[in-house]
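Commentary on secondary and tertiary structure
What follows is the residue order along each chain.
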Amino acid sequence: MRPLDGVTVVSLEQAVAVPYASRLLADLGARVIKVERPGAGDFARDYDTACGSVSSYFAWTNVGKESVALDLKDPAGREVLDRLVAGADVVLCNLSPDAARRLGLDADSLRRDRPDLVVGELSAYGADGPYAGRKAFDALVQSETGLVELTGDGEVTARAGISVADIAAGVQLHSAVLAALLHRARTGEGATLRLSLFEALAEWMHQPMLYAAGTGAAAPRTGAHHPTIAPYGPFRCADGTVHLAVQNDAQWRRLCRVLSRPALADDPRFGTVSSRVAHRADLHAALDFSAWTAADLLAALDGADVPAARTRTVAELPEHPQLTARDRLTRVTVPGGGVPLLRPPVDSTAWGWEPAPVPSPGEHTERVLRELGYPEDEVRALRATAAR
């Protein structure tokens, strides 16, 4: 058994954040019924064309779900949803707060007759405050929280290369649902869980926020190098790049021994972390790895217990020797093909995980309708409505 076997999640979801949360629940055994718009379904299906007939975002966040296509503005479609909710343990929703209230799908409405229900609502900036009516997407939230201002090199700013706001919200919603299910098991009471994309990423911004508050200025943008530790970043070798992470003076001295440059360790400009940061340009100029291959340098650094890594391309990740040796990749069926996906990163002695397909739009509508007790003529009629 997996921990959430027997738990049913109905998710009114689109984009990335809530789909990621429900995918994590599916990984733990929950039955996740994804409610999609008739026709195209979740608009994230079409973000790109990297995975069969669906996007890389969609393939990643929708493993192991069932897709039901419903027109929630049609009374018949809404009745199906009501039946689904009646049998659910968890309902997740990232409709806007106003849209959810208009449809009677807000947490207060859903839990009025089902106080044992766990309802998770994701909004852009929260239900009140001056930004309550604004739309938010990942890059916009990265800007509002200061992450874009913090990221980049010199005068050039950059957004993080992955959807960090969506991931932050998805992970936090997932963990809150688990806590709410534990609370329900102990008390019989459900819970209303509300979070915003903005506050989810703001939580992750604590360290740079505290640094700026304590020093009076944000840490400078230093590209892939650490703003307050040195040498901590990428350095070119003869055939690639090695990323150093020298975090203390003992590691610095060991690095100098690897380079056969003991005098460098005693240079007053480089004697402490703060002095190395203050003289970063001189430090980088003094560190010459051009005669080393990346493999030889990493072997020498490993032998000296100096933290370092190879800077690789994302295209190399599926063939990473560590992932390959640990058999972390599997193949998952997606609409129109199959893709390599990583197994969940947490291994458990109490349960396992097997890859499950990514659904086509409305793929499970008829099966779910039959489970709900609809006769065949109504199943055909609802299916026809959903296909329009």
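Our subject is the structure listed above.
As a starting point, this report considers the structure included with it. (Residues numbered from 1 in each chain as written. Predicted model: local features only at pLDDT ≥ 70, side-chain atom pairs only at ≥ 80, totals over all residues. Heavy atoms only, no water.)

Below, the discussion takes up the overall build of the chain. Regarding its fold elements, the chain presents 18 helices and 13 strands. Based on the C-alpha atoms only, the size of the chain along its principal axes is roughly 85 × 45 × 40 Å. Going through the 388 residues of the chain one by one, you find that 44% of them count as buried. Taking as baseline every contact in the chain between residues at least 6 positions apart, the subset at least 24 positions apart corresponds to 67%. Of the accessible surface of the chain, which amounts to about 19300 Å², a share of 54% is contributed by carbon and sulfur atoms. Where the 41 positive side-chain charges of the chain centre and where its 49 negative ones centre are 1 Å apart. (Helix = DSSP H or I, 4+ residues; strand = E, 2+ residues; numbered from the N terminus. Buried < 20%, exposed > 50% of the residue type's maximum accessible area, 1.4 Å probe, protein only. Contact = heavy atoms within 4.5 Å. Areas by Shrake-Rupley, 256 points an atom, 1.4 Å probe, with all protein chains shown as cover. Lys, Arg positive; Asp, Glu negative; His and termini not counted. Charge placed at Lys NZ, Arg CZ, Asp CG, Glu CD.)

To continue, consider the environment of Ala-185. Mapped onto the elements, Ala-185 comes out in helix 8 (residues 164-187). We classify Ala-185 as exposed; its relative accessible area is 66%. In this structure the C-alpha to C-alpha distance between Ala-185 and Asp-116, which are 69 residues apart in sequence, comes to 9.8 Å.

Right, let's talk about the packing of aromatic side chains for a bit. Tallied over the full model, the rule gives seven aromatic pairs. An angle of 40° between the planes, with centres 5.0 Å apart, marks the rings of Tyr-20 and Trp-60 as tilted. Taken together, the positions of Tyr-20 in helix 1 (residues 17-27) and Trp-60 in helix 2 (residues 56-61) put the pair 40 residues apart, joining distant regions of the chain. Among the residues examined, Tyr-20 registers a relative accessible area of 14% and is labelled buried. Look at Trp-252 and Phe-270: their rings are 6.1 Å apart centre to centre, the planes differ by 75°, and that puts the pair in the edge-to-face class. Remark: Phe-270 occurs in the loop between helix 12 (262-266) and helix 13 (273-278) and Trp-252 occurs in helix 11 (residues 249-258); sequence separation between them is 18 residues. (Phe/Tyr/Trp six-rings, centres within 6.5 Å; stacked < 30°, edge-to-face > 60°.)

Residue position: Thr-365 is located in helix 17 (residues 365-371). Taking the C-alpha atoms as reference points, Thr-365 and Gly-336, 29 residues apart in sequence, are found 19 Å from one another. From its side chain, Thr-365 meets the backbone nitrogen of Ala-69 in a polar contact 3.0 Å long. (Polar contact = N/O pair within 3.5 Å; in protein donor to acceptor, adjacent residues only side chain to side chain.)

Counting 36 residues, the largest nonpolar core has Val-9, Val-90, Leu-92, Val-177 and Leu-197 as its most contacted members. Of all the secondary structure elements, the ones that give two or more residues to this core are helix 1, strand 4 (90-93), strand 5 (118-123), helix 8, strand 8 (191-196) and helix 9 (197-204). Looking at this core, the element that brings in the most residues is helix 8, giving eight residues. What Leu-92 contacts, discounting residues up to four positions off in sequence, is Val-9, Val-10, Ser-11, Leu-12, Val-18, Ser-22, Leu-25, Gly-120, Leu-173 and Val-177. (Core = buried A, V, L, I, M, F, W, Y, C linked by side-chain atoms within 4.5 Å.)

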